[in-house]
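What follows is the residue order along each chain.
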Amino acid sequence: MSNLNPETKRETFSSGLAVFFATLGSAVGLGNIWKFPYLVGVNGGGAFILVYLICVVLVGMPVAISEFYIGRRTRSNPIQAFDKLKASPFWKIVGYLGVITSIFVMLFYSSVAGWVYLYTFKAIKGDFSGIANLPIKEAGEFVTREFDIVVGGALSPMLWQLIVVTIVSIIIYAGVKKGIEKVTKTLMPVLFILIIVCAIRALTLEGARQGIDFLFSVNFSAITPAVLLSALGLAFFKLSIGMGTMMTYASYFTSDNNMPATSAKVALSDVGVSMLAGLAVFPVVFTFGLEPGNGPGLLFNTIPLVFSRIPFGNILLIAFFFLASIAATTAMTSMFAVPVSVLTESLNMKKGKAVLLTGGVVFLIGILTVHPSSLLGNITILGKTFFDSFDYISSNLLMPIGGLLISIFVGYFVRKDDLVDELSNNGTLNNGSYLRLFRLLLKYITPILLVIIFLNSIGLLKL
Ligand code: PFF
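Residues numbered from 1 in each chain as written. Predicted model: local features only at pLDDT ≥ 70, side-chain atom pairs only at ≥ 80, totals over all residues. Heavy atoms only, no water.

Time to look at the site of the ligand. The immediate surroundings of the ligand are formed by 15 residues, with Gly31, Tyr109, Phe237, Lys238 and Thr245 found nearest. For the ligand, a nitrogen atom lies 3.0 Å from a polar atom in the backbone of serine 26. At 2.5 Å, a side-chain N or O of lysine 238 approaches an oxygen atom of the ligand. When the ligand is considered free in solution it has 340 Å² of accessible area, and contact with the protein chains removes 100% of it. Among the detected pockets, the ligand sits in the largest cavity. Those elements that place two or more of their residues in the shell around the ligand are α1 (16–27), α2 (30–42), α10 (225–238) and α14 (313–346). A class-by-class count of the residues in the shell around the ligand yields eight nonpolar, six polar and one charged. (Near = heavy atom within 4 Å. Polar contact = N/O pair within 3.5 Å; in protein donor to acceptor, adjacent residues only side chain to side chain. Areas by Shrake-Rupley, 256 points an atom, 1.4 Å probe, with all protein chains shown as cover. 1 Å grid on protein atoms, 1.4 Å probe; cavity = no way out; pocket = protein on both sides within 12 Å on 5 of 7 lines; lining within 4 Å. Sits in = over half its atoms within 2 Å of the grid points. Helix = DSSP H or I, 4+ residues; strand = E, 2+ residues; numbered from the N terminus. Nonpolar A, V, L, I, M, F, W, Y, C, P; charged D, E, K, R; others polar.)

Structure, rendered in structure tokens:
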């Protein structure tokens, strides 16, 4: 009880640093080390990164700040928040969509997180220690084969998914301070250090030059509407926006937090981690003759190779996958918080029950659909498996729709004075020009870009 704020009867984080690490813990995750490198690989390198950065500034940050506004202003879950703001009931759709989207994302996310956990376990067992003695080409073939075995297993991917869901459930059950804050504050700095070590090692490999060229050469002809859409989807996914996650976390922010600054710091640190991941992965891809467009397996194929070529590599490999597991866990924790906050506050469910229900739904639907050996794992709808559909529908449709609604709501339906009041902490922050720019983007740029890209994605507009 002592953790509750006496005014709001809700828990809050204990400091600005805790807010930063928790929010960064949500942003940094598998997106940086798994999705970012493979999307860069599939979409032709540097040009994609450039478009992605533009999406982060013009769309990602304005939506993140809008979510922060709604969350902290109301200190409520994404459904009740709109009641507190005296908005028309229509806007509650943002909250309902958020719950659905977070479940969709958790379905495939917990499965990849399970692979990461399993790789940690395999590294501890020494399964990769033989790679050091293999010639480069055979080492590449070895890791590719290992990945296929891990993902295609009949039972173990499901078991590891269950472990992920259980750990996340425990963190959420432990609460904002004792769960989310404690875990993110301890582990995010260590992840940073490890990814830097890994990038430095990769940059001293033979193929480093080619990797860097691939990452930084900008070829505009590679930018098709489909590439634009996936850059936008990635910006949403990376910053954990458009599905109520940031809104939920912001409802626990300290009252004196400088939220526009938090959004910039988190976006910047997050891009930093993604670039480091790219620098760690692509030199290895070229050195070991792997395909840059290799897809989701890129992380799992390259990282064991990087560490196989350095002294004490196996210990570092264990540490890296362990920390990647933590990144995945802290990101997933933030998604899990959305349905739990809605179930406990809007439906008055006991926390334990809400956690069990959320975890149960994710795990049960997950084992039936997202693994290659699942009962429905190989069924395809419009050419996509369930795994790919959950990913595509959430990143490219649901999150941008959520983001569009949030930006229109905050841009057009919130009184300017209320907005400025909240985002300047009652005028105590001197950030007037920053807020003017934010409102300009939010009103005229962010929603228009979202509509154009969205209409294109559903085929109503040909770019
Ligand atoms: N931002 C996380 C990542 O990049 O891995 C994923 C994520 C977390 C997406 C939370 C959505 C979310 F609500």
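Now for the packing of helix α5 (residues 93–125) against helix α16 (residues 386–413). Where α5 contacts α16, the axes come no closer than 9 Å and their chain directions differ by 145 degrees. Judged by the sense of rotation from one axis to the other, the crossing of α5 with α16 is left-handed. Residue-level inspection shows Ile93, Val94, Leu97, Thr101, Phe104, Val105, Leu107, Phe108, Ser111, Val112 and Trp115 of α5 in contact with α16, the latter providing Phe387, Phe390, Asp391, Ile393, Ser394, Leu398, Met399, Ile401, Leu405 and Ile406. (Axes fitted to C-alpha atoms, helices over the stretch in contact; angles between N-to-C directions. Left-handed = near helix turned anticlockwise from the far one by under 90°. Contact = heavy atoms within 4.5 Å.)

What follows concerns the packing of aromatic side chains. We describe a pair of aromatic rings using the distance from one ring centre to the other and the angle between the two ring planes. Per the stated rule, a full pass over the model turns up 27 aromatic pairs. Arranged with centres 6.0 Å apart and planes meeting at 75 degrees, the rings of phenylalanine 13 and tyrosine 249 form a pair that is edge-to-face. Within this pair, whereas phenylalanine 13 is found in the segment before α1, its partner tyrosine 249 is found in helix α11 (residues 245–250), the two being separated by 236 residues in sequence. Residue class for phenylalanine 13 comes out buried when judged on its relative accessible area of 1%. Since its relative accessible area comes to 0%, tyrosine 249 is described here as buried. When the centroid spacing of 6.2 Å and the interplanar angle of 20 degrees are considered together, the rings of phenylalanine 108 and phenylalanine 237 count as stacked. You can see phenylalanine 108 sitting in helix α5 and its partner phenylalanine 237 sitting in helix α10, a full 129 residues away along the chain. We note that phenylalanine 108, like phenylalanine 237, is buried. A network of ring pairs unites the aromatic residues Phe108, Tyr109, Trp115, Tyr119, Phe128, Phe147, Phe237, Phe300, Phe320, Phe321 and Phe387 as a single cluster. (Phe/Tyr/Trp six-rings, centres within 6.5 Å; stacked < 30°, edge-to-face > 60°. Buried < 20%, exposed > 50% of the residue type's maximum accessible area, 1.4 Å probe, protein only.)

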